[in-house]
Amino acid sequence: MLVLRGHADAAEVLRATDVTPRFLLEYVCEEILLQQSPEMQRFLLQTSVLDRLTGPLCESVAEAGGGQQKLESLLQANLFVSALDATDTWYRYHPLFAEALRTQLQKQEPALVPELYRRVSRWYEQHGWAEDACEYAYRAGDLPHVARLLAELVPSLVEQGKLVRLGHWLDRLPQEIIAASVSLSLAWIWTQPLRTSQPHDPERVIERLTVLLKTHEKDDPETQADLQRELTLQQATQALARGDIPQALSRAAEMTRSLTGPETAWSRFTLWRQQVLLGAAYRVSGDLESSEQTLRQALPAGGTSPNFVVIASLDELYEELGRLRELGRLYEDLFRALAWHHHLPSLALALAHQRYGVLLYEWNRLQEAESEARQSLELVPHLDLARHSPWLTLLGLGVLARVALAQGHSERARQLLESEAFDVAQFPVPQASKDVLILLPVRLALRCGQLDPALQWASTCGFHADDPFTSSLGKGRYAGYVTLARVLIARGRGHSNALALSQAQILLDHLLEIAVGTGAHGWRIEIQMLRALALHAQGKTRQALVTLGPILAQAEPEGYLRLFADEGEMMADLLALIAPFTTASPDYLQRIQVAIAPVRAARPAVSDLPAPLPSPVEPLSEREREVLQLVAEGLSNQQIAQRLMLSLHTVKLHVKHLLAKLGATNRTQAVARARALHILTREDHMAPSQ
């Protein structure tokens, strides 16, 4: 106790001192509580149940006036209280201090604790903060009240992407309470994949909805109508998943016709989900303008909570359309709206920061892009589901690596690329997600001049230059094909491989046809830029300039910059000759050239052959060679264990030994070095079209 006396910040001393709970409780009771007036003692104990404090809330909980004055006096007396905002409206007790107060409260008046929580819940509910009200109702043990509040919250929680939070609340409710509510029953169905780690199964969802309809067949007509609309919506979603666009549109229209009668929170909720479905259906069908109009209608108006589901859909769409300025305004509106809301879902917020960082990077606002990426990474430890952490970390570090390369710090970028965060094979996500996530390290490897990992990916990715294309492509497939085109161009110009360049040209021509047909202007800019690079690598410089010139003029209004600058030397060569072939402004061309300079200084030529690698210090055992071969095929540790009938622990040890012997930091690098050492063989003639 003497240690704490005389210090301006006693809370800081507590943090730095190994304080036992008993010592703290004695200190709080003897040195703080007993030194206060009876009125202040009661105030401290009863408001200790609050995570955040403000005058009116404290008055409601303690059922006494002067809440704001008491908080201010506690702050001035340095009694473990800190202000949470610049206006001294919201405060909090130091967590250790609050815990000691609650312990004392429980000892003195245990029966009062649930009532205090009920008072907090009522106050939050009266002031429109339903999530806080729900949380404190849980703490009070008032489960029927929780069920009522949560049923009303379901639409807004789903709209804001707070499915994990919703799932956690549902897990704390008895099944009989959930079964009695249609809203909670539906929410239970939607959040089940999050709780079980099982992939979403539309057929299973439809089966459960059919059972739910029968269970509630005697409920009021509006409840029956809500359930029937939900069933129709899921049937439309299932049709979209199997590519039956007419059926999806028909089901969505059927649901719209049933939305009659007065508007309710649930009908609005159903409507925006239907609009998201329609937006997706229009996009898959190649009608991007209709998709944009429909998704825009689903955005909330005014100061209501941001709809992360719609924003994510619009992000992909605006990128495809090449409307970067509109995308920027979307995120500016989003972050303005976020200033008015708390309890935001960490996953959605982290992804928003990461995606905005990607846009800022494209505009060459590198410091801002880095700041957004770091904000995204700071949220990763707070994610509700740990399995989201690896891929979100990968995306955030990917922005940092791109920024490092753009600034000429190639060694920093290579260090990031060789870290475990980029070992996608170990991510606890479905293989389809891994196939998309691996594209980032492949693209970064190319930019770092590391052709071998990119060639390894191209030989096993399943994409081929002469694949038959449909009238539209999803973002994942487009990204895969355009990455393959980049690998072919890099291989062609690095090793004078005319076949690779010819394959790249064929692939890009097919992609261009689709982009033009669907109005995917953003994709068209990237495709034409790559076509120009392929032509230039073939020695067809004039054709390359004729191709590149109009694209630069179209890219300028939207602020595209890194798309061109990141191509380095070859783009600089073309820009030096481009003036007669483009109407883009000289200032714009100059800004791209300036942005290329650090890349040119730091980026190794792809054609530079690496120095021979030393042989492993120890030869690989026969079992290690078997494991290495399966690693090269892209199998995870679990899959290798099943294939070789080994324990997962044994496989992990083999992989660890492989990395050590090959001097590698991750699986991708290990395979690349094994190929370079001829421990693994690769066909000299890579033919992705076969």
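Per-chain numbering applies: the sequence of each chain, read as written, is numbered from 1 onward. Residue-level local features of this predicted model are given only where pLDDT is at least 70; pairs of side-chain atoms are given and counted only at 80 or more, and the full residue set underlies all totals for whole chains, interfaces and linings. By convention in this description, side-chain values take in all heavy atoms of the structure and omit both hydrogens and water.

## Focus on the overall build of the protein
The way it works is that DSSP assigns letters per residue, a run of H or I at least four long becomes a helix, a run of E at least two long becomes a strand, and they are numbered from the N terminus. Of the regular secondary structure elements, the protein holds 37 helices and two strands. The 690 residues of the protein split such that 51% are buried. Every residue pair with non-hydrogen atoms within 4.5 Å of one another is taken to be in contact. A separation threshold of at least 6 residues defines the contact pool for the protein, and within that pool the share at least 24 residues apart is 64%. Where accessible areas are quoted, they stem from the Shrake-Rupley method and a 1.4 Å probe; at the residue level, only the protein chains shown are allowed to cover. By element, 54% of the accessible surface of the protein is carried by carbon and sulfur atoms, the whole surface being about 31500 Å². Burial status follows relative accessibility: with a 1.4 Å probe on protein chains alone, a residue under 20% of its type maximum counts as buried, one over 50% as exposed, and anything between as partly exposed.

## Observations concerning the packing of aromatic side chains
Side-chain rings of Phe, Tyr and Trp, where Trp is taken by its six-membered ring, are said to pair if the distance between their centres is within 6.5 Å; with planes under 30 degrees apart they count as stacked, over 60 as edge-to-face, and otherwise as tilted. Tallied over the full model, the rule gives 13 aromatic pairs. Relative to W169, the ring of Y138 lies with its centre 6.4 Å away and its plane at 20°, an arrangement referred to as stacked. One end of the pair, Y138, is in helix α8 (residues 130–140); the other, W169, is in helix α10 (residues 163–171), and 31 residues separate them in sequence. Note on accessibility: Y138 and W169 belong to one class, buried. Between the aromatic rings of F335 and Y356, the centroid separation amounts to 5.6 Å while the plane-to-plane angle is 45°, which identifies the pairing as tilted. With F335 in helix α19 (residues 324–338) and Y356 in helix α20 (residues 346–362), this pair connects stretches of sequence that are 21 residues apart. Through pairs of rings, three or more aromatic residues link up here, namely W90, Y117, W123, Y124, W129 and Y136. When the NZ atom of lysine or the CZ atom of arginine is within 6 Å of a ring's centre and also within 35 degrees of its normal, the charge is said to sit over that ring. Its end group placed over the ring of W90, R52 keeps NZ or CZ at 4.1 Å from the ring centre.

## A short note on the environment of V358
By the secondary structure assignment, V358 is in helix α20. When its relative accessible area of 15% is taken as the criterion, V358 is described as buried. Along the primary structure V358 and V403 are separated by 45 residues, whereas in three dimensions their C-alpha atoms are 9.8 Å apart.

## Topic: the nonpolar core
The nonpolar side chains of a soluble globular protein tend to be buried, and buried together. For this analysis, a nonpolar core means a set of buried residues of the types Ala, Val, Leu, Ile, Met, Phe, Trp, Tyr and Cys, connected via side-chain atoms within 4.5 Å. Formed by 187 residues in total, the largest nonpolar core has its most connected members in Y93, L150, L552 and F564. The element contributing the most residues to this core is helix α22 (residues 389–406), with 12 residues. Contact partners of L150, with chain neighbours within four places excluded, come to C134, Y138, L157, L166, W169, L170, L173 and L184. In terms of nonpolar packing, the next biggest core, distinct from the first, is built from 20 residues, V627, V631, A674 and I679 among them.

## Thoughts on the environment of Q106
Residue placement: Q106 occurs in helix α6 (residues 95–108). With relative accessibility at 42%, the residue Q106 sits in the partly exposed group. With 61 residues separating them along the chain, Q106 and L45 place their C-alpha atoms 9.4 Å apart.

## Concerning unusual backbone geometry
Phi angles above zero are rare outside glycine, and E63 is one such case at about 55°. Here E63 lies in the loop between α4 (55–62) and α5 (67–76). Unusually for a residue other than glycine, N364 sits at a positive phi of about 65°. Tracing the sequence through the fold places N364 in the loop between α20 and α21 (366–379). Looking at N364, the relative accessible area reads 26%, which means it is partly exposed.

## Here's the deal with the environment of H510
Within the secondary structure, H510 is located in helix α28 (residues 498–518). H510 sits in the partly exposed class, given a relative accessible area of 29%. Other than its neighbours up to four places away in sequence, H510 contacts A465, D467 and F469.

## Describing the side chain of Q354
You can see Q354 is positioned in helix α20. The contact partners of Q354, leaving out residues within four places of it in the chain, are E372, S376, L395, G396 and V399.

## Structural notes on the pattern of salt bridges
The term salt bridge refers to a side-chain nitrogen of Lys or Arg lying within 4 Å of a carboxyl oxygen of Asp or Glu. Per the counting criterion, the structure on display carries 36 salt bridges. Notably, a salt bridge pairs R148 with E125, separated by 2.6 Å at the nearest N-O pair. Taken together, the positions of R148 in helix α9 (residues 143–159) and E125 in helix α7 (residues 112–126) put the pair 23 residues apart, joining distant regions of the chain. Between E289 and R323 there is a salt bridge, with its nearest N and O atoms 3.9 Å apart. With E289 in helix α17 (residues 288–298) and R323 in the loop between α18 (308–321) and α19, the pair connects residues that are 34 residues apart, well separated along the chain. In this structure E289 comes out as partly exposed when scored by relative accessible area, which is 42%. You can call R323 partly exposed: its relative accessible area is 25%. If you follow the salt bridges from partner to partner, you end up with E289, E292, R296, R323, E326 and R329 in one network.

## Considering the side chain of N637
In this structure, N637 sits in helix α35 (residues 637–644). Once you skip the residues sitting within four places of it in the chain, N637 turns out to touch Q426, L648, V651, K652, V655 and R667.

## What to know about the packing of α18 against α19
The geometry of a pair of packed helices is captured by two quantities: the angle between their axes and the separation between those axes. Note on definitions: angles span 0 to 180 degrees between N-to-C directions of axes, and those axes are lines fitted to C-alpha atoms, for helices only across the stretch in contact. Packing of α18 against α19 brings their axes to within 9 Å, and their N-to-C directions diverge by 160°. Overall, the two elements α18 and α19 adopt an arrangement that is roughly antiparallel. The hand of the α18/α19 crossing is left-handed. Residues F308, I311, L314, D315 and Y318 of α18 touch α19, and the partners they reach there are E326, L327, L330, Y331, L334 and L338. Amino acid classes used here: Ala, Val, Leu, Ile, Met, Phe, Trp, Tyr, Cys and Pro are nonpolar; Asp, Glu, Lys and Arg are charged; the rest, including Gly, are polar. By residue class, the composition of the contact of α18 with α19 is nine nonpolar, no polar and two charged. Reported orientations rely on four angle classes, namely roughly parallel under 35 degrees, roughly antiparallel over 145, roughly perpendicular from 65 to 115, and oblique for the rest. Note: crossing handedness is left-handed where the near helix turns anticlockwise from the far helix by less than a right angle, and right-handed where it turns clockwise.

## Here's the deal with α28
Helices are assigned an expected span. That span is 1.5 Å times one less than the residue count. Compared with the 30 Å implied by 1.5 Å per residue over 21 residues, the 31 Å span of α28 between its first and last C-alpha is a close match. For α28, the full list of buried residues reads A500, L501, Q503, A504, Q505, L507, L508, L511, L512, I514, A515 and T518. Directly after α28, the chain includes G519, whose backbone phi takes a positive value near 80°.

## Quick word on the confidence of the model for the protein
As a general rule, the predicted coordinates of low-pLDDT regions are not to be interpreted in detail. Of all residues in the protein, 84% have pLDDT values of 70 or greater, and the mean over the chain is 82. Considering only residues more than four positions removed or in separate chains, one finds that residues 1–11, a stretch of pLDDT under 50, has 19 contacts. Each residue carries a pLDDT score, the predictor's confidence in it, ranging from 0 to 100. Long-range and interchain partners of residues 606–617, a stretch whose pLDDT sits below 50, account for 17 contacts in this model, where long-range means more than four residues apart.

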